[in-house]
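Examining the three-dimensional arrangement
In case you want the letters, here they are:
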Number of protein chains: 2
Amino acid sequence: MASATKKARTTPPYELIYWPSIPGRGEFVRLVLEATGTSYTDVGNASEDGIQAVLALKDENATTSGEGNPPAFAPPALKVPGEGKDGKALVIYQTPSILAYLGEKLDLAGTDEAEKHYVLSHALTALDLNNEAHDTHHPIAPHLYYEDQKDESLRKAQAFRESRLPKFFGFFERVLKGNEGEGNGKYLVGKKLSYADTTVWQVLDGLKFAFPKELAAIEKDYPTLFGSFYTGIKDEGGLKDYLASKRRLPYSEGVFRHYPELDRQ
Amino acid sequence: MASATKKARTTPPYELIYWPSIPGRGEFVRLVLEATGTSYTDVGNASEDGIQAVLALKDENATTSGEGNPPAFAPPALKVPGEGKDGKALVIYQTPSILAYLGEKLDLAGTDEAEKHYVLSHALTALDLNNEAHDTHHPIAPHLYYEDQKDESLRKAQAFRESRLPKFFGFFERVLKGNEGEGNGKYLVGKKLSYADTTVWQVLDGLKFAFPKELAAIEKDYPTLFGSFYTGIKDEGGLKDYLASKRRLPYSEGVFRHYPELDRQ
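Because the structure is predicted, anything quoted here is derived from the model rather than measured.

1. Description of the nonpolar core
Membership of the largest hydrophobic core comes to 160 residues, with the highest contact counts inside it found for Phe169 and Leu207 of chain A together with Phe169 and Leu207 of chain B. When residues no more than four places from it in sequence are discounted, the contact partners of Leu207 of chain B are Leu129, Ala133, Phe160, Leu165, Phe169, Pro212, Leu215 and Phe256 of chain B.

This is the structure:
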């Protein structure tokens, strides 16, 4: 793989537009860029007024996100100068769409058409789990405070822990088993890292933060997922450096929140 | 466009694997096949034991969905004989992944790379709205009865109607406005039909069934979306025939359900 410095000269100046200070959904995009040592600007965190770009993206009167691109429903968005229509910037939103785009550019999307779709499908499934994790503390509405939907959260979190986590974890365990001949329990698709791996990994990592007791109790039921996979991905070149760096933001008030009352009692 | 008969000879024998009797998430796949007059087998509805293929797909011990493909998390899945590895069948799951695949094959995914990603992003946003509509009657857990989560449903549905619908409808109205020069208020991306259009259309149609009073009250605030767009898509060649056919299944107990108490009072 080319070094970060070398790649920085041959790839476009990618700009991630996402809320500052939290990992959130922006983290899925950061991971693919970091795993491949790709140079990018994390606009929201790059300067004091970086948040202005995020707020502009969310302007509910805009019919474009700039340079002829359609408006974006919500952050994250990826801006790629020079790669849009007529040499202008391309702006795309929706995490899976950004991942599919970067996945092809950065060789994280499998080796053929079948693998390309496996990778997208597994990443979508991890992002569904991510959404369900978010809804454990916001089951009624995203614009209400947790405290104003806490009763519902207690019920939702219990169902999530008892019924949804085993379903998702069991599924990813089976995907790893089915691909063991090529992936050695370390990769979900084929023989090498894809954005399905980084996306599933990030959700597992966030769940370990949000539900530490639950995860400690059930991880052993999914030995490949929490063994060779979770540990292995963390040690991949670009990711190992990134996870130890200051660019890796701590969990706090984003998708993954640790409310002890929502965890296993 | 080639006739259905002609296409049937030149496209692979697509198989949709989805629950019988309901439109559900399978409907997004049906619409792209029907809009293009593409021959396919709706396995779940094609015979009495068609449901066996759906149940096999959901087998929670399987490490494959057959012929070397990974397991599928949930229906719908698309099976394409001859298009997988080594000439075997390709099986892909996750609605957006299936739509991206068929979109490229059936020329419903825009005309260049930028449009391809706009189409995917807008379809994903419509599918997010679809999920939120589902959660109005299942806010706590998908495996519990509506009656066992009705109090939470009443609260969730109110927030959905008052806060989420205007946000999504306002967004799609702006996308149509931003593309008015090419799409004439009828297409979300570029000059012609894409799977973003069929996907947004299906969600609007489902919402009209589930929340008839709410929709009747607010549609006028989104004149392009519910005017030229909603009406226009319904009249597209393949779709017009399909929507009048018996293959178009009625809404009942799927994603879109009409509970009068969840609608505007």
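2. Quick word on the interface of chain A and chain B
The interface of chain A with chain B comprises 59 residues on the first partner and 59 residues on the second. Approximately 5000 Å² of surface area, both sides summed, lies buried where chain A meets chain B, with 56% of it carried by carbon and sulfur atoms. Of all residues in chain A, Phe73, Arg155 and Arg174 of chain A give up the largest surface area on contact with chain B, accounting jointly for 15% of the area buried on that side. Applying the counting criterion to the chain A and chain B interface returns 12 salt bridges. Here the residues of the side of chain A that touches chain B are counted per class, giving 25 nonpolar, 14 polar and 20 charged.

3. Remarks on the UniProt feature "domain: GST N-terminal" (unreviewed entry) in chain A
Residues annotated in UniProt with the feature "domain: GST N-terminal" (unreviewed entry) correspond here to residues 13-110 of chain A. In the segment residues 13-110 of chain A, helix accounts for 33% and strand for 15%; the C-alpha atoms at its two ends are 24 Å apart.

4. Things to note about the relation of the copies chain A and chain B
In screw terms, the move from chain A to chain B is a rotation of 180 degrees and a rise of 0.0 Å along the axis, fitting with an RMSD of 0.0 Å. Between the two chains, the operation in question is that of a two-fold axis. Comparing interface residues between copies, 100% of those in chain A also lie at the interface in chain B; the contact surface is shared.

5. A closer look at helix α9 (residues 195-210) of chain A
When the terminal C-alpha atoms of α9 of chain A are compared, their 22 Å separation across 16 residues agrees well with the 22 Å that a helix rising 1.5 Å per residue should span. Burial runs high along α9 of chain A: 14 of the 16 residues are buried.

6. Points about the sheet that holds strand β1 (residues 14-17) of chain A
In a beta sheet, neighbouring strands are held together by backbone hydrogen bonds and run either parallel or antiparallel to one another. Residues and elements named next belong to chain A. A sheet is described by the order of its strands in space; here four strands give the open sequence β2-β1-β3-β4, paired in mixed fashion. Bordering the open sheet on either side are β2 (40-42) and β4 (90-93), each of which pairs with just one other strand. Averaged over all adjacent pairs, the angle separating strand axes in this sheet is 20 degrees, with direction ignored. Note: β1 against strand β3 (residues 77-80), three bridges, orientation antiparallel. Bridge pairing links Leu16 to Leu78 in β3. Those strands touched by helix α5 (residues 95-105) are β1, β3 and β4, and its axis lies near 130 degrees from that of β4.

7. A look at the domain arrangement of chain A
Many authors give the size of an interface as the accessible area that is lost as the parts come together. Residue and element names in this part refer to chain A. If you check the domain split of chain A, you get domain 1 (4-105) and domain 2 (113-236). A C-alpha centroid distance of 24 Å is found between domain 1 and domain 2. Taken together, the contact between domain 1 and domain 2 spans 12 residues of the former and 13 residues of the latter. Summing the contributions of domain 1 and of domain 2, the shared interface buries around 1100 Å²; its carbon and sulfur component is 74%. Of all residues in domain 1, Arg25, Phe28 and Leu31 bury the most surface against domain 2, accounting for 44% of the area lost on that side. Scanning the region where domain 1 abuts domain 2 turns up one salt bridge. In this structure, Glu104 engages Lys116 in a salt bridge whose closest nitrogen and oxygen atoms are separated by 3.7 Å. Looking at the side of domain 1 that touches domain 2, the elements that each hand over two or more residues are α2 (26-35) and α5. It is α5 that provides the largest number of residues to the side of domain 1 that touches domain 2, a total of six residues. Counted by class, the side of domain 1 that touches domain 2 contains seven nonpolar, two polar and three charged residues.

8. What to know about empty space enclosed by the protein
Over the atoms a probe the size of a water molecule is rolled, and this reveals where empty space is left. All told, the structure shown has 10 cavities of 30 Å³ or more when counted by the stated rule. Taken as a whole, the largest cavity holds about 190 Å³ of empty space. Among the elements of the structure, α5 and α6 (113-137) of chain A together with α5 (95-105) and α6 (113-137) of chain B are those that each provide at least two residues to the lining of the largest cavity. In the lining of the largest cavity, the residues fall into seven nonpolar, two polar and four charged.

9. Details of the packing of aromatic side chains
By convention here, two paired aromatic rings are described through the distance between centres and the angle between planes. Applying the stated criterion to the full structure yields 22 aromatic pairs over all chains. Here the aromatic rings of Phe168 of chain A and Phe73 of chain B are separated by 4.4 Å at their centres, their planes lie at 20 degrees, and the arrangement is stacked. Of this pair, Phe168 of chain A sits in helix α7 (residues 150-178) while Phe73 of chain B sits in the loop between α4 (51-57) and β3 (77-80), each in a different chain. For Phe73 of chain B, a relative accessible area of 12% translates into the label buried. Where Phe171 of chain A meets Tyr93 of chain B, the ring centres are 5.7 Å apart and the plane angle is 70 degrees; that geometry is what we call edge-to-face. Placement of the pair is Phe171 of chain A in helix α7 and Tyr93 of chain B in strand β4 (residues 90-93), with the two residues belonging to separate chains. Just as Phe171 of chain A is buried, Tyr93 of chain B falls in that class too. Members of the aromatic cluster, connected to one another through ring pairs, are Phe73 and Tyr93 of chain A together with Phe168, Phe171 and Phe172 of chain B. The residue whose ring lies beneath Lys167 of chain A is Phe73 of chain B, and the NZ or CZ to ring-centre distance is 5.2 Å.

10. A closer look at the layout of surface pockets
Within this model, the second largest pocket holds a volume of roughly 320 Å³. As for the second largest pocket, its lining consists of 20 residues, and the residues nearest its centre are Tyr118, Gly178 and Asn179 of chain A together with Gly68 and Asn69 of chain B. Looking at the lining of the second largest pocket, the elements with two or more residues in it are α6 and α7 of chain A. Residues of the lining of the second largest pocket, tallied by class, amount to six nonpolar, eight polar and six charged.

11. Quick look at the packing of α5 of chain A against α6 of chain A
Residue and element names in this part refer to chain A. One way to put it is that α5 packs onto α6 with a least axis distance of 10 Å and a crossing angle of 145 degrees. By crossing handedness, the relation of α5 to α6 is classed as right-handed. Contacts from Thr95, Pro96, Leu99 and Glu104 in α5 reach Lys116, Leu120, Leu124 and Leu127 in α6. Looking at side-chain class alone, the contact of α5 with α6 contains five nonpolar, one polar and two charged residues.

What counts and what doesn't
Residues numbered from 1 in each chain as written. Chains lettered and ligands numbered in written order. Predicted model: local features only at pLDDT ≥ 70, side-chain atom pairs only at ≥ 80, totals over all residues. Heavy atoms only, no water. Core = buried A, V, L, I, M, F, W, Y, C linked by side-chain atoms within 4.5 Å. Buried < 20%, exposed > 50% of the residue type's maximum accessible area, 1.4 Å probe, protein only. Contact = heavy atoms within 4.5 Å. Buried area = accessible area lost by both parts, 1.4 Å probe. Salt bridge = Lys/Arg side-chain N within 4 Å of Asp/Glu carboxyl O. Nonpolar A, V, L, I, M, F, W, Y, C, P; charged D, E, K, R; others polar. UniProt positions renumbered as here; feature names shortened; annotations may be inferred. Helix = DSSP H or I, 4+ residues; strand = E, 2+ residues; numbered from the N terminus. Least-squares fit on C-alpha atoms with pLDDT ≥ 70 in both. Expected span 1.5 Å × (residues − 1). Pairing = 2+ DSSP bridges. Axes fitted to C-alpha atoms, helices over the stretch in contact; angles between N-to-C directions. Domains from an automatic or database assignment. 1 Å grid on protein atoms, 1.4 Å probe; cavity = no way out; pocket = protein on both sides within 12 Å on 5 of 7 lines; lining within 4 Å. Points joined across faces, edges and corners; volume = space filled by probe spheres on them. Phe/Tyr/Trp six-rings, centres within 6.5 Å; stacked < 30°, edge-to-face > 60°. Lys NZ or Arg CZ within 6 Å of the ring centre and 35° of its normal. Left-handed = near helix turned anticlockwise from the far one by under 90°.

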